[in-house]
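# A closer look at the structure
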Amino acid sequence: MAEGDQELQDLYREVLLDYFRSGSHKGTLEAPDFRAHGINPVCGDEIELTMRKGEGGKISEVRFSGHGCVISQASSAMMAEALEGRSVSKARELVASFKDMMLSKSPLESLPDELEALKSLEGVRKFPMRVKCATLAWNTLSQGLSAGEGKKSEFQEAE
Amino acid sequence: MDIKKIREDFPILNRKIRGKTLVYLDNAATTQKPRQVIEALVDFYQNHNANIHRGVHTLSDEATSMVEESRIKTAAFINAPKPETVIFTRNATEAINLVAHSWARKFLKAGDEIVLTEMEHHSNLVPWQMLAAEKQVVLRHIPMTPEGTLDLEAGRKLITAKTKLVSFTAASNALGTLIPVEKIISLAKVAGAKTLVDASQWAPHRALDVVKWDCDFLAFSAHKMLGPTGVGVLYGKEALLEDMDPFLGGGDMISRVQLDRFTPNVLPFKFEAGTPNIADEAAFGQALDYLSAIGLDAIAAHEAALTKKAIETLSALPGVTIYGPKDISQRGGVVSFNVDGLHPHDVGTALDLEGVAVRAGHHCCQPLMNKLKTPGTARASFYIYNTFEEVEALGKALDKAIAFFMKKPAAVR
């Protein structure tokens, strides 16, 4: 196999492509408890994140919409899956763990079990311009949680 | 044109990217620099470095002459009648902002109209939006046809007695479309409007004559034409420049200062406050010499041939859409494209893994991208050192990327 293929496969792992192709958690919830909007000005990608809370204040449903690359779309889908059934404080912890891993502040192994699928984004760490694609949904979530319930929030990645 | 010989002048073309030879196709963003320009920068700092227009010592004299020599070369390059009508800025963006600040802000009033096009780079849109908000000036936009050319009939109706300025790009950075500059200028003249030509994507690639065009203002950037970053050019008609207020205040732009007032300096220094980008302005002269030695007509012909081959090569691949005019004579050396089901960023990364550098994104033209109903495109743009083999390398790398991403059908969706 040519070297380029190897690197392409290392960056775009099968798991990542599967999430991208699945369309899992795409859409917009009616009357959500959280709504947050994020922009990556480098590429113009946008994400709209909506979430609903259920019993005991736990996150019950998460949907994302907008256009984006394989990395941002797969990361969003994996995030949505990981959040459902978790408390808001747990969600905050997960955001912190994921971002630390993506920014290479902590090793891959430090990711909690809930974020197992996100390990497939490991290869993205070697591409600084693409790290923002992976973190867009997470930063948008983080901003949305800080803005508080019911409020619409805006997040923008630094260029 | 001896491409092989030209390539020897560009040390960066020997760079390996992840083990692959660099194929640099992002020239609309910035071009690479020949050793003549790099050596001029080193020579300036090693042998001539001093501040200019002050001080009577030898180094200051030399540095001043070097900058003024570049100004004379720039004037000759665009056929400006006098070197004093050439103002050095940081980039084309600053040149356009200078006109917005020092001309439009002074002479335009509420209800006046500025006509732009839907194909403008943000640098020729946002300064006017800022002015419109401040002065209640109205902005109009000549629409783009679905093929990516300007709708001149619509333009004819938009340019009226209310129009005070028509500010437009000479060539689209996003699609490569060549704009009929003289036709638009003649429409503006009939309406009594001034004109500003954004020549950022024209000046590096084809001959330019401000007297023939008879434009009022013209802007471009040195770094897109082999020159260093941090140097822009504003040309303006002398009478207009004389009537305008200064841009930034400070040293060099004054002839006399008292505690409560100042008298502005003469052209061009009135618009060049503070210590300028001396070394880069000096080295820009080498870039102009380099381009002139090859000849702008030869450059344009070479790029047209590469563009033709690129369109043929990419069109043959599955799911590839190419934007912009079909008629090759209506486009410069830019090929903007998308692959069905693939985001331009993923295309850009996959090509980079093969050593092929293209731009992926909105190209600072979000309104144009909205019109094309796409968040962005991948864009290959060519220059004097690019070869047919490199166009083939682009085709091979894209073919590989398509095969990789499309090997499995969408699963659940």
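Residues numbered from 1 in each chain as written. Chains lettered and ligands numbered in written order. Predicted model: local features only at pLDDT ≥ 70, side-chain atom pairs only at ≥ 80, totals over all residues. Heavy atoms only, no water.

## Digging into the overall build of chain B
Within chain B, the secondary structure is distributed over 14 helices and 17 strands. A compact globule built from 413 residues would reach a C-alpha radius of gyration of about 22 Å, and chain B, at 22 Å, matches this within 12%. Its C-alpha atoms give chain B principal-axis dimensions of about 75 × 55 × 40 Å. When burial is assessed residue by residue, chain B has 57% of its 413 residues classed as buried. Intrachain contacts of chain B at a sequence separation of at least 6 include 70% that bridge at least 24 residues. As presented, chain B carries roughly 16,500 Å² of accessible surface, and 55% of it is formed by carbon and sulfur atoms. Considering chain B, the positive charge centre built from 46 side chains and the negative charge centre built from 47 side chains are found 6 Å apart. (Helix = DSSP H or I, 4+ residues; strand = E, 2+ residues; numbered from the N terminus. Rg over C-alpha atoms; globule rule 2.2 N^0.38 Å. Buried < 20%, exposed > 50% of the residue type's maximum accessible area, 1.4 Å probe, protein only. Contact = heavy atoms within 4.5 Å. Areas by Shrake-Rupley, 256 points an atom, 1.4 Å probe, with all protein chains shown as cover. Lys, Arg positive; Asp, Glu negative; His and termini not counted. Charge placed at Lys NZ, Arg CZ, Asp CG, Glu CD.)

## Regarding the interface of chain A and chain B
With 30 residues of chain A at the contact, the number on the chain B side is 23 residues. Both sides of the chain A and chain B interface together cover about 2,300 Å² of buried area, and 56% of this is carbon and sulfur. The largest per-residue losses of area from chain A upon contact with chain B belong to Leu8(A), Arg21(A) and Cys43(A), which jointly make up 27% of the total buried on that side. Among the ionic pairs, Arg130(A) bridges to Asp346(B), the shortest N-O distance being 2.9 Å. The interface formed by chain A and chain B includes eight residue pairs in polar contact (both at pLDDT 80 or more). The set of elements that each furnish at least two residues to the side of chain A that touches chain B consists of helix 1 (3-11), helix 2 (14-22), helix 3 (70-83) and helix 5 (128-147) of chain A. Take the side of chain A that touches chain B: its biggest share by element is seven residues, from helix 1 of chain A. Of the residues belonging to the side of chain A that touches chain B, the class tally is 14 nonpolar, seven polar and nine charged. (Buried area = accessible area lost by both parts, 1.4 Å probe. Salt bridge = Lys/Arg side-chain N within 4 Å of Asp/Glu carboxyl O. Polar contact = N/O pair within 3.5 Å; in protein donor to acceptor, adjacent residues only side chain to side chain. Nonpolar A, V, L, I, M, F, W, Y, C, P; charged D, E, K, R; others polar.)

## Comments concerning the confidence of the model for chain B
Reading fine detail from the predicted coordinates is not recommended where pLDDT is low. The share of residues in chain B with pLDDT of 70 or more is 99%, and the mean pLDDT across the chain is 95. For this predicted complex, the interface confidence score (ipTM) comes to 0.87, while the overall pTM stands at 0.93. (pLDDT = per-residue confidence, 0-100.)

## Details of the environment of Asp252(B)
Residues and elements named next belong to chain B. Here Asp-252 lies in the loop between helix 9 (238-243) and strand 11 (254-258). In this structure, the C-alpha to C-alpha distance between Asp-252 and Leu-368, residues 116 residues apart in sequence, is 40 Å. Contacts of Asp-252, omitting those with residues within four sequence positions, involve His-53, Arg-54, Asn-265, Phe-269, Glu-272 and Gly-274.

## Description of the pattern of salt bridges
Residues and elements named next belong to chain A. A full pass over the atoms with the stated rule returns 38 salt bridges over all chains. Between Arg-13 and Glu-122 there is a salt bridge; the shortest N-O distance is 3.3 Å. Pair noted here: Arg-13 is in the loop between helix 1 and helix 2 and Glu-122 is in the loop between helix 4 (88-102) and helix 5, with a separation of 109 residues, a long-range link. You can call Glu-122 partly exposed: its relative accessible area is 29%. Note that Glu-61 and Arg-63 form a salt bridge whose closest N and O atoms lie 3.7 Å from each other. Through salt bridges with shared partners, a single network forms among Asp-10, Arg-13, Glu-122 and Lys-126.

## Quick word on the state of the cysteines
Under the definition given, this model contains zero disulfides over all chains. Among the cysteines around Cys133(A), which has no disulfide bond, Cys69(A) carries the closest sulfur, lying 3.9 Å off. For Cys133(A), a relative accessible area of 2% gives the class buried. Cys365(B) provides the cysteine sulfur closest to Cys364(B), a residue in no disulfide bond, and the two sulfurs are 7.0 Å apart. On the accessibility criterion, Cys364(B) (24% relative accessible area) is partly exposed. (Disulfide = S-S within 2.5 Å.)

## Side note on the pairing of strand 12 (residues 261-264) of chain B
Residues and elements named next belong to chain B. Looking at chain direction, strand 11 and strand 12 are connected through four bridges and run antiparallel. Opposite Arg-256, over in strand 12, you have Thr-263 as the bridge partner. Following strand 11, the chain reverses through two residues before pairing antiparallel with strand 12. (Pairing = 2+ DSSP bridges.)

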